[in-house]
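Summary of structural features
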Amino acid sequence: MSLALLWLFISLCFSSCVHSLANFSYGCLDTFLEDFAFRALVRHRPQTGALYQASLPANLSGMEVSIVRIRSRTLWKKGANFSSFSIPARTLPLPHVRRLAIVYENLGNWSSQYYRVSGYSLVASVVGFMVFDASNPRAKSLRSISLDTMGKPILIHFPNLQYPDGMNSAAARCAAFSSNGTVQFRDKMLPNECYSSDQGHFSVVVGMKRKQRPWYPWVIGVVLGFGALVLTGYFGLVFIRLLKTKRIQAMERQADEGVIFDSRWVGSSKMPSAAVTRTQPVLENADFP
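I will try to describe carefully the structure that is included in this document. Everything numeric here is computed off the predicted structure, so don't read it as measured data.

On to the sheet that holds strand S4 (residues 85-87). One open sheet holds the four strands; their spatial order is S3-S4-S10-S13, and the pairing between them is antiparallel. Strands with a single pairing partner mark the edges of an open sheet, and in this sheet they are strand S3 (80-82) and strand S13 (193-196). Neighbour to neighbour, the strand axes of the sheet diverge by 15° on average, direction disregarded. Where S4 meets strand S10 (residues 154-157), two bridges bridge the pair, whose relative direction is antiparallel. Bridge pairing in S10 places serine 86 opposite leucine 155.

Following this line, the structure appears as structure tokens:
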């Protein structure tokens, strides 16, 4: 009965997440899925070391959530091989607890909605696991704990990788999603396996191909730009010559409108001749004969 009251209290606390299912963040989604996982323990008489599948709402069809309770000494001796994860032997919970509960998630076709990596495409479902203290069934809140694997890796299996056309496993990388939204990439050691040192969410990604832009728009743009530059230069020269011509014509017009000279024929040439002498010559020496 104490377990039932505990999970009822948790459900009420996170009811806001349930009512806004379409706008989940992955942190709120984890909380929501953990709630359904622990409900699976309430419906059964949980046995240590048994994996129980959680029943999810119909609008989350495609996701899979399961939970297992194990003793810390069993984790130390044998490890935990459930779902897509293989936790090695000689692993300790931090802080130390007598029993722990591991919640496994497989987001299936919902993976790309909650986990996106810029420039990369998911080729596998996002899977994850979280570890909680299960020593006290009467606890009023879930306490998350971590794992110390003594330097040994946690193996993550991805059986159904779907690579885009023209790509193979060599181009794929392991992606680890942290709770703060950052992504860490690691190279895959085996075609369908990744490694981790702690709990979290994981997937396999490949770089997205950049679409090659056609070259001919650039060539057309360069040609049009060069043509426009040539035309601009040509019309500029024509305009400058036109201005010079108009200035010369104006100067000639002013010259024609000045003093008018008579013209006389000298031999076979017609020469201008002044009608009168404007300034009379004055001799410097009047006594000069």
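As a further point, take the pairing of strand S11 (residues 172-177). In terms of burial, S11 is largely enclosed, as five of its six residues are buried. Judged from the six bridges that link them, S11 and strand S14 (residues 200-207) form a sheet pairing that is antiparallel. Bridging across to S14, alanine 176 finds its partner in phenylalanine 202. Judged from the five bridges that link them, S11 and strand S12 (residues 183-187) form a sheet pairing that is antiparallel. Considered in S12, the bridge of alanine 176 is made with glutamine 184. The hairpin turn running from S11 into S12, its antiparallel successor, is five residues long, and glycine 181 in that turn takes a positive phi close to 95°.

So, how was this worked out
Residues numbered from 1 in each chain as written. Predicted model: local features only at pLDDT ≥ 70, side-chain atom pairs only at ≥ 80, totals over all residues. Heavy atoms only, no water. Pairing = 2+ DSSP bridges. Helix = DSSP H or I, 4+ residues; strand = E, 2+ residues; numbered from the N terminus. Axes fitted to C-alpha atoms, helices over the stretch in contact; angles between N-to-C directions. Buried < 20%, exposed > 50% of the residue type's maximum accessible area, 1.4 Å probe, protein only.

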